[in-house]
Amino acid sequence: AWDKGVEPIREFMIRQIDLADNHDDVHLFYSRYAPGSQGPTSFDDVPLQVLLPAYMLSELKTAFLMGFKIYLPFLILDIVIASVTV
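Residues and numbers for the nonpolar core, please.
Among the nonpolar cores identified, the biggest contains 12 residues, and these are Met13, Ile14, Ile17, Val26, Tyr30, Ala34, Phe43, Val46, Val50, Leu51, Ala54 and Tyr55. Secondary structure elements with two or more residues in this core: α1 (2-20), α2 (23-33) and α3 (48-85). Broken down by element, this core gets its largest block of residues, four residues, from α3.

Any chance you could break down the side chain of Arg10 for me, citing the residues and the numbers?
Looking at the secondary structure, you find Arg10 in helix α1. There is no salt bridge for the buried Arg10, and the closest opposite charge comes from Glu7, which lies 4.6 Å off by N-O distance. Apart from the residues lying within four places of it in its own chain, the contact partners of Arg10 are Phe43, Asp44, Val46, Pro47, Leu48 and Leu51.

Give a description of the packing of α1 against α3 that names residues and reports values.
Contact geometry for α1 and α3: axes closest at 10 Å, N-to-C directions at 40 degrees. For the element pair α1 / α3, the angle class is oblique. Viewed along their axes, α1 and α3 form a crossing whose handedness is left-handed. In this structure, α1 uses Trp2, Val6, Arg10, Phe12, Met13, Ile14, Gln16, Ile17 and Ala20 to contact α3, whose residues at the interface are Leu48, Leu51, Leu52, Ala54, Tyr55, Ser58, Glu59 and Thr62. Of the residues that constitute the contact of α1 with α3, the class distribution is 12 nonpolar, three polar and two charged.

What counts and how
Residues numbered from 1 in each chain as written. Predicted model: local features only at pLDDT ≥ 70, side-chain atom pairs only at ≥ 80, totals over all residues. Heavy atoms only, no water. Core = buried A, V, L, I, M, F, W, Y, C linked by side-chain atoms within 4.5 Å. Buried < 20%, exposed > 50% of the residue type's maximum accessible area, 1.4 Å probe, protein only. Helix = DSSP H or I, 4+ residues; strand = E, 2+ residues; numbered from the N terminus. Lys, Arg positive; Asp, Glu negative; His and termini not counted. Salt bridge = Lys/Arg side-chain N within 4 Å of Asp/Glu carboxyl O. Contact = heavy atoms within 4.5 Å. Axes fitted to C-alpha atoms, helices over the stretch in contact; angles between N-to-C directions. Parallel < 35°, antiparallel > 145°, perpendicular 65-115°, else oblique. Left-handed = near helix turned anticlockwise from the far one by under 90°. Nonpolar A, V, L, I, M, F, W, Y, C, P; charged D, E, K, R; others polar.

See below:
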């Protein structure tokens, strides 16, 4: 039951990491999980203990970049208005 239940979650996390192109996060956590070993060749070789924190870090990076891209036009507009009114 565990293996069948975890498989859709693994596929979702793998797809999100792959779409965001954050493969470095997987390698980072895998190097902490199994120091001195060869890195994984595919996502099937990555255990859940490595995939879960890599997914969370990947999503946090994506959210931070989205927030910054939303905030940047307001920052530029504020700088322009401040320089015009002075």
